[in-house]
Amino acid sequence: MALQLGDIAPDFEADTTEGRIRFHEWLGDSWGILFSHPKDFTPVCTTELGEVARLKGEFDRRNTKVIGLSVDSVESHREWSEDIKETQGQTLNYPLIGDPSHAVADLYDMIHPNALETLTVRSVFIIGPDKKIKLTITYPASTGRNFDEIIRALDSLQLTAKYSVSTPVNWNDGGDVIIAPAISDEDAKTAFPKGFTVLKPYLRMTPQPNK
Ligand code: BEZ
């Protein structure tokens, strides 16, 4: 069965462009994003990997380690990184897993044979410091991901892990949030001292608590 939200992200040992790693040990106490791309030396992937390098500071600020994967070798990743630098103006500043045996791709169900026979699709796994899977996204090869959306979702995951809130449609960091229905109005007065607006008993909005 495919991995589901709340499952422990499977641990593995693999070669990467930054040396051999044990995944859980490499994650340490950080959040993690494991993402696959279909193939080195392909156009959409080249733009995506450059963008992740450009956003590295944003991931660092969120205590989040990023790591990519495809079924190409580490040597191929290293050669391709020159093209990423040349065309996207970004030096690869995070590790890429070489997975020619498909060991990690199979563990994470990243190969969807009815879409791409032997290559990984564009999978994203956001993993919490407890090593549990908090979010998964799957895109086909033809559609490049929006990594700003992945950061937006990461902000929501980190906020809702800390406070009894959820984030509404199209929320962005700094926007009003929803108080968890399990919190009584009385308790909400203490927990959310900036106050809250009751639109419905189940829909109470409050300013983002950590801003
Ligand atoms: C791409 O990155 O453009 C791509 C990779 C594999 C198959 C199709 C497109």
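All figures in this text were calculated on a predicted structure; none of them were measured in a lab.

A description of the site of the ligand should follow, citing residues and the corresponding values.
With respect to spatial proximity, the complete set of residues near the ligand consists of Pro38, Thr42, Pro43, Val44, Cys45, Arg122 and Ala141. With respect to the ligand, the side chain of Thr42 contributes an N or O atom lying 3.0 Å from an oxygen atom. Its free accessible area being 260 Å², the ligand has 77% of it covered by the protein chains. Element by element, the count of residues in the shell around the ligand is highest for helix H2 (residues 43-54), at 3 residues. In terms of residue class, the shell around the ligand is made up of 5 nonpolar, 1 polar and 1 charged.

Now, about H2: what can you tell me, with residues and values included?
Within an α-helix, residues lying three or four positions from one another point in the same direction, as the helix has 3.6 residues per turn. Taking 1.5 Å of rise per residue, 12 residues should cover 16 Å, and H2 covers 17 Å from first to last C-alpha, within 8% of that figure. Among the residues of H2, those classed as buried are Cys45, Thr46, Glu48, Leu49, Gly50, Val52 and Ala53.

Account for the packing of aromatic side chains, naming residues and giving values.
Under the definition given, this model contains 8 aromatic pairs. Judged by centre distance (5.0 Å) and plane angle (70°), the rings of Tyr108 and Phe125 are edge-to-face. In this pair, Tyr108 is assigned in the loop between helix H5 (103-107) and strand S6 (122-127) and Phe125 in strand S6, connecting sequence segments 17 residues apart. Ring pairing ties together the aromatic residues Phe12, Phe23, Trp26, Tyr108 and Phe125, which thus form one cluster.

So what's going on with the environment of Ala191? Residues and values would help.
Within the element layout of this structure, Ala191 appears in helix H7 (residues 185-191). Residues Ala191 and Arg61, 130 residues apart in the sequence, show an inter-C-alpha distance of 26 Å.

Run through the sheet that holds strand S10 (residues 197-200), naming residues and quoting values.
Ordered in space as S8-S9-S11-S10, the 4 strands form an open sheet in which the pairing is antiparallel. Every interior strand has two partners, whereas the edge strands, strand S8 (165-166) and S10, have only one. Inspection of the sheet shows S8 paired to strand S9 (residues 177-179) by 2 bridges, in the antiparallel sense. Across the sheet, Ser166 pairs through a bridge with Ile178, a residue of S9.

How would you summarise the side chain of Gln90 if you had to cite specific residues and measurements?
For Gln90, the location among the structural elements is in the loop between helix H4 (74-88) and strand S5 (96-98). On the basis of relative accessibility, which here comes to 19%, the residue Gln90 falls in the buried class. Excluding anything up to four places from it in sequence, Gln90 contacts Gly50, Ala53, Arg54, Ile84 and Lys85.

Mind laying out the pairing of strand S2 (residues 19-22), listing which residues take part and the relevant values?
One ladder, built from 4 bridges, connects strand S1 (residues 13-16) with S2; its direction is antiparallel. Looking at the pairing, Asp15 lines up with Arg20 of S2. In textbook terms, the turn of a hairpin is the stretch between consecutive antiparallel strands, and for S1 and S2 this stretch comprises 2 residues.

Before we move on, can you summarise the domain arrangement of the chain with the specific residues and values?
The assigned domain composition of the chain is domain 1 (13-145) and domain 2 (163-206). For domain 1 and domain 2, the distance between their C-alpha centroids amounts to 35 Å.

Please set out the pattern of salt bridges residue by residue, giving values where relevant.
The full count for this structure, using the stated rule, is 17 salt bridges. Across the salt bridge formed by Arg20 and Asp15, the nearest N and O atoms sit 2.9 Å from each other. Judged by relative accessible area, Asp15 falls into the partly exposed class, the value being 39%. Taking the shortest distance from any N to any O, the salt bridge between Glu149 and Arg152 comes out at 2.6 Å. With Glu149 and Arg152 both in helix H6 (residues 147-162), this residue pair falls 3 residues apart, about one helical turn. Arg152 gets classed as partly exposed once you look at its relative accessible area, which sits at 22%. One network of salt bridges, in which partners are shared, links Asp11, Glu13, Asp15, Arg20 and Arg22.

Which residues make up the nonpolar core, and what values do they have?
Core analysis: the largest hydrophobic core is formed by 24 residues, its most contacted members being Ile33, Phe35, Leu49, Val52, Phe59, Tyr94 and Ile126. For this core, the elements supplying multiple residues, two or more each, are strand S3 (31-36), H2, H4, S6 and H6. With 6 residues, the single largest contributor to this core is H6. In this structure Phe35 touches Leu49, Val52, Ile67, Gly68, Leu69, Tyr94, Ser123, Val124, Arg145 and Phe147, once residues within four positions along its chain are discounted. The next biggest cluster of nonpolar side chains, apart from the first, holds 21 residues, and it includes Phe23, Leu69, Val104 and Phe125.

The rules behind the values
- Residues numbered from 1 in each chain as written.
- Predicted model: local features only at pLDDT ≥ 70, side-chain atom pairs only at ≥ 80, totals over all residues.
- Heavy atoms only, no water.
- Near = heavy atom within 4 Å.
- Polar contact = N/O pair within 3.5 Å; in protein donor to acceptor, adjacent residues only side chain to side chain.
- Areas by Shrake-Rupley, 256 points an atom, 1.4 Å probe, with all protein chains shown as cover.
- Helix = DSSP H or I, 4+ residues; strand = E, 2+ residues; numbered from the N terminus.
- Nonpolar A, V, L, I, M, F, W, Y, C, P; charged D, E, K, R; others polar.
- Expected span 1.5 Å × (residues − 1).
- Buried < 20%, exposed > 50% of the residue type's maximum accessible area, 1.4 Å probe, protein only.
- Phe/Tyr/Trp six-rings, centres within 6.5 Å; stacked < 30°, edge-to-face > 60°.
- Pairing = 2+ DSSP bridges.
- Contact = heavy atoms within 4.5 Å.
- Domains from an automatic or database assignment.
- Salt bridge = Lys/Arg side-chain N within 4 Å of Asp/Glu carboxyl O.
- Core = buried A, V, L, I, M, F, W, Y, C linked by side-chain atoms within 4.5 Å.

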